[in-house]
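Structure at a glance
Chain by chain, the residues run as shown.
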Amino acid sequence: MFAAQLTVDRDFPIAPLDRRLFGVFVEHLGRCVYTGIYEPGHPTADEQGFRGDVMALTKELGATIVRYPGGNFISGYNWEDGVGPKELRPRRLDLAWYSTETNQVGTNEFFDWCRKVDIEPMYGVNLGTRGPDEARHYLEYCNHPGGTALSDLRRRHGYEQPHGIRFWCLGNEMDGPWQICRKTPDEYGRIALETAKLMKMVDPSVELAACGSSAYDMPTYGIWEDRVLEHCFEVVDYLSLHSYFVKPPTDTSSESFFAQIETNARYIEDTIAVADAVAARRHSSKRLMLSFDEWNVWYRARHGGHMKREGWPEAPRLLEEIYTAEDALLIGGMLTMMMNHADRLKVACMAQLVNVIGPIMTEPGGPAWRQTIFHPFAQAAKWARGTVLRPVIKSAGYANEKHGELPYLCASVVHDEAAGMTAVFILNRHLQEEMNLSITLRGLGTERKLVAAEQMHHGDLEAANTRDAPNEVAPTALGGIVIDGEHLQMRLLPASWNVVVTKAVR
């Protein structure tokens, strides 16, 4: 056993936590939409064909915003194909994923799904094969009240009231060689500028996210952000980041896997530095916020599954990652890190929601179940409300080639002043030893009571949840917590994710 300390102070906040940090992603890819959220004829399907079991799990997950309809898919998508009578909608070749898109789910159906699960929609516009004109038409169709050709078309389609979609993504991963109609940074910066101008003319209330580089290790990273923002800095509100966590063949250790928490912290901080450098050159007081709108573990199901196949199948099984106990620990650690950057990171979307590298899995005509990564996300989404406090951590650690000495303890603390609730999220990265953790919550009340305490730990880091064993890896009660005024004491299992919630007694 080793000792660790975590201290926060009410007078040292990071920032209020934006609840959009607990977002997800639904793309027309594989079985995410078809036999994922939508399966007419399924025993739980509603009158629109949406699976009731998936809707229930989505509500339980606690997601607050959802990015749609892509992803790579958006760069070849015509939004007009997915509106109007379903029997008249065209079938199209999807060049992003070498599939056939039936367009049976589109703009309006997905908006209905969002209302049913009480989640904010985040839509994207195609800046691959299309451009500013189509983007402003799409926005007019969705958000304008009426009296124009496009807004009245929406009304004829059965939606009298505007959708009022606030958040829009300006394309997707436009520096990626795999992207349909890839752009140079200056090409994309110019088109993002002009698209943003037109969209804000149509609806000044929209929030717009420009594409950052497709990944931190892209050759274009840094230069791309700098050049793009030189064009569109003043008219966009967010810059996007994408990151998928892997175990490279050269280093499959859990220690290096967990170190990707720090790699992504550096990614966020470096991106902020580039954005602020652009602001400095422009003598601007504006501070651009970040949208981490794709992130997850993804490596086992990554290679070859999306390459071109014969027949252009509908909703093929693609990128269906099976998540382990180890993956859930990394997800928990990533959530603590993202919360600790709440001053600039305002939006994040776990990619994706169902089947395709998702926290929820389904079988066509059969059950739906929670993958291991479902649980830390759901716990954070449930309990993280209020202001993130700056954590001071004292902990033994381990050596990492990229980052030096890394503490075994990863943690974030979120305090809800109105409710008097304080949630502590804790990852013990030590694989063999228990952690004797002492927590001090300064200025948050000298008398506290325990509201909730849960842990996730499994003796086999490769354990997974399956159709036949859907609860193999799941939270259990965490006991033995001693509360003495502002101080909490607890013992945490090795390789464990833990959530402790207390409330001030007034």
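Residues numbered from 1 in each chain as written. Predicted model: local features only at pLDDT ≥ 70, side-chain atom pairs only at ≥ 80, totals over all residues. Heavy atoms only, no water.

Here we look at the overall build of the protein chain
A tally of helices and strands in the protein chain yields 10 helices and 26 strands. In summary, the protein chain has a C-alpha radius of gyration of 23 Å against a globular reference of 23 Å for 506 residues, a match within 12%. Projected onto the principal axes, the alpha-carbon positions of the protein chain cover approximately 65 × 60 × 50 Å. Here the protein chain holds 506 residues, and the buried ones make up 59% of them. Counting only carbon and sulfur atoms, one obtains 52% of the accessible surface of the protein chain, whose full area is about 18,900 Å². Counting 52 positive and 66 negative side-chain charges, the protein chain places the centres of these two groups 4 Å from one another. (Helix = DSSP H or I, 4+ residues; strand = E, 2+ residues; numbered from the N terminus. Rg over C-alpha atoms; globule rule 2.2 N^0.38 Å. Buried < 20%, exposed > 50% of the residue type's maximum accessible area, 1.4 Å probe, protein only. Areas by Shrake-Rupley, 256 points an atom, 1.4 Å probe, with all protein chains shown as cover. Lys, Arg positive; Asp, Glu negative; His and termini not counted. Charge placed at Lys NZ, Arg CZ, Asp CG, Glu CD.)

Observations concerning helix H5 (residues 185–202)
For H5, spanning 18 residues, the distance from its first C-alpha to its last is 26 Å, which sits close to the expected 26 Å at 1.5 Å a residue. Within the sequence span of H5, burial applies to Tyr188, Gly189, Ile191, Ala192, Leu193, Thr195, Ala196 and Met199. Residues of H5 that are buried in the fold lie against strand S7 (120–125), helix H3 (132–143), strand S8 (167–170), strand S9 (207–210) and helix H6 (223–232). (Expected span 1.5 Å × (residues − 1). Contact = heavy atoms within 4.5 Å.)

Structural notes on the state of the cysteines
Counting across every chain of the model gives zero disulfides. Distance from the sulfur of Cys169, which forms no disulfide, to the nearest cysteine sulfur (Cys349) is 7.1 Å. Residue class for Cys349 comes out buried when judged on its relative accessible area of 0%. (Disulfide = S-S within 2.5 Å.)

Observations concerning the layout of surface pockets
Considered as a void within the structure, the second largest pocket measures approximately 390 Å³ in volume. Lining the second largest pocket are 20 residues; nearest its centre among them are Glu262, Ala265, Met337, Asn340 and His341. Of the residues forming the lining of the second largest pocket, the biggest block, five residues, is contributed by helix H8 (residues 260–281). Each residue belonging to the lining of the second largest pocket can be placed in one class, and the counts come to 11 nonpolar, four polar and five charged. (1 Å grid on protein atoms, 1.4 Å probe; cavity = no way out; pocket = protein on both sides within 12 Å on 5 of 7 lines; lining within 4 Å. Points joined across faces, edges and corners; volume = space filled by probe spheres on them. Nonpolar A, V, L, I, M, F, W, Y, C, P; charged D, E, K, R; others polar.)

Things to note about empty space enclosed by the protein
Here the structure, examined in full by the defined rule, presents three cavities of 30 Å³ or more. If you trace the largest cavity, you find it lined by Ile74, Tyr77, Asn78, Trp79, Gly124, Val125, Asn126, Arg130, Gly131, Glu134, Ala135 and Tyr138. Secondary-structure elements contributing two or more residues to the lining of the largest cavity are S7 and H3. Take the lining of the largest cavity: its biggest share by element is three residues, from H3.

By themselves these figures say nothing about function.
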